[in-house]
Structure formats: C-alpha cells, structure tokens
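A look at the structure
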Amino acid sequence: WTYGEEKAEIVQGKATFGEISVKYYQGQTQIAEMPENAGEYKVVFEVLGNANYTGLSKQITFTIEKASVSKLTVKTYTYDGKEKVFASETDLYSVENGKGTYAQIYNVILTLKDKDNYKWIDGDSQDITITFEIKQATNEWEEPSISKAKWTYGEEKAEIVQGKATFGEISVKYYKGQTQIAEM
C-alpha cells in the first residue's frame, strides 16, 4: 500500500496447536507495532514448539510505498508591474524563491518536507528546481501630441501634451535638425 492510505490488514491465520505471536521488522530490527511509514518490512508469525508439537514460523515481506506529490506546471508570464506568485508552500513541500515581479527567469526550489514518506510524481525525493519566466512587456503609448507642428517666431509656442506610456517615465527632448536643444 501507499503511505497515508489505510493500512493493509494482517491476517495471522490459525495454528493447530499453540499461540501465534506476531513480530514486525524493518531490516533486522524488530519494531513494536505494524509500521505506518514508507519502507520495506517483514512480518513474522511464530508458534513456539514444545514436547507435544513442533514450532511454526512464516515470514511475509511487504512494502509501504512513498506517496506521490505532483510537480508544478511551468508557466510564463508577461511583465505587468505586479508580483507573480509561482509557488506557495504547502503541507507537503517548502518553496524558495517562489515569487517575482520583474522581467527575468526565476529558479524556484521545491523541497519535500518529509522525504522518507513522499516522492515527486517521477519517483525522486530530491529537491527540484522549476524555472519560471516573466517576459519583457511591449510598452505602448497613450499618444503624446503637439497642438501645432509649425508656428512663426514671436507667436505663442505650441503646447506639448506629454501623454503616457503603459510602463516607465517619459522624458522629452527637443531637437533643431540633428542637434539637441535645451528647450522649445
């Protein structure tokens, strides 16, 4: 059976003569009761013999498998200025570097909290690194404008409406031909 599931029922059977004792072992070490944790075990049924009848012994090996934990799905996000949570800690695993805001690649490390009883769905219990990416966003204008493209010296200057960009600060520079000038 698998860790966390209902235990298997041990049916000890009957002996024609004598009392049956039941002992559990993990490797060569006797343990006090039916195990619950993942691992390889054996149960030994014994009847001690005496002058009237022979002894009996039967050994059965069994395995409690590690429970499987699903891995996260790798996602790609686009930068929007808001923090993204790639992974949150659960009862089964802890998370390192599980969130991010800026356009870059993030390596999220997942660590099983109980490696003795749990494994990743692929059968391994080692820490895993999952890569998430926040891609660079395409910036867009809320159009800047100018009230008039030409005017005569001495007239009222044109009004510059700076506009907005989805992301970032807008800077305004003025040029006369190919030369940058200080002001309009």
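The structure under discussion appears in the preceding block.
Quick look at the structure, then.

Procedures and definitions
Residues numbered from 1 in each chain as written. Predicted model: local features only at pLDDT ≥ 70, side-chain atom pairs only at ≥ 80, totals over all residues. Heavy atoms only, no water. Salt bridge = Lys/Arg side-chain N within 4 Å of Asp/Glu carboxyl O. Helix = DSSP H or I, 4+ residues; strand = E, 2+ residues; numbered from the N terminus. Buried < 20%, exposed > 50% of the residue type's maximum accessible area, 1.4 Å probe, protein only. Pairing = 2+ DSSP bridges. Axes fitted to C-alpha atoms, helices over the stretch in contact; angles between N-to-C directions.

**A short note on the pattern of salt bridges**
- Applying the stated criterion to the full structure yields six salt bridges.
- Residues Glu-46 and Lys-23 are paired through a salt bridge, measuring 3.7 Å at the closest nitrogen-oxygen approach. Remark: Lys-23 occurs in strand S1 (residues 21–26) and Glu-46 occurs in strand S3 (residues 39–47); sequence separation between them is 23 residues.
- Overall, the relative accessible area of 26% leaves Glu-46 in the partly exposed class.
- Where Glu-89 meets Lys-113, a salt bridge forms, and the shortest distance between an N and an O atom there is 2.8 Å. Here Glu-89, found in the loop between strand S7 (84–85) and strand S8 (93–96), pairs with Lys-113, found in the loop between strand S10 (104–112) and strand S11 (118–120); they are 24 residues apart in sequence, far enough to count as distant.
- With relative accessibility at 52%, the residue Glu-89 sits in the exposed group.

**Structural notes on the sheet that holds S1**
- Taken in spatial order, the four strands line up as S2-S1-S3-S4 in an open sheet, and their pairing is antiparallel. Each end of this open sheet is capped by a strand with a single partner; those strands are strand S2 (29–31) and strand S4 (56–64). Looking at each pair of strands side by side, their axes are set apart by 35° on average, direction ignored.
- Pairing analysis gives nine bridges linking S3 to S4, with the strands arranged antiparallel. Along S4, the bridge assignment pairs Lys-42 with Thr-61.

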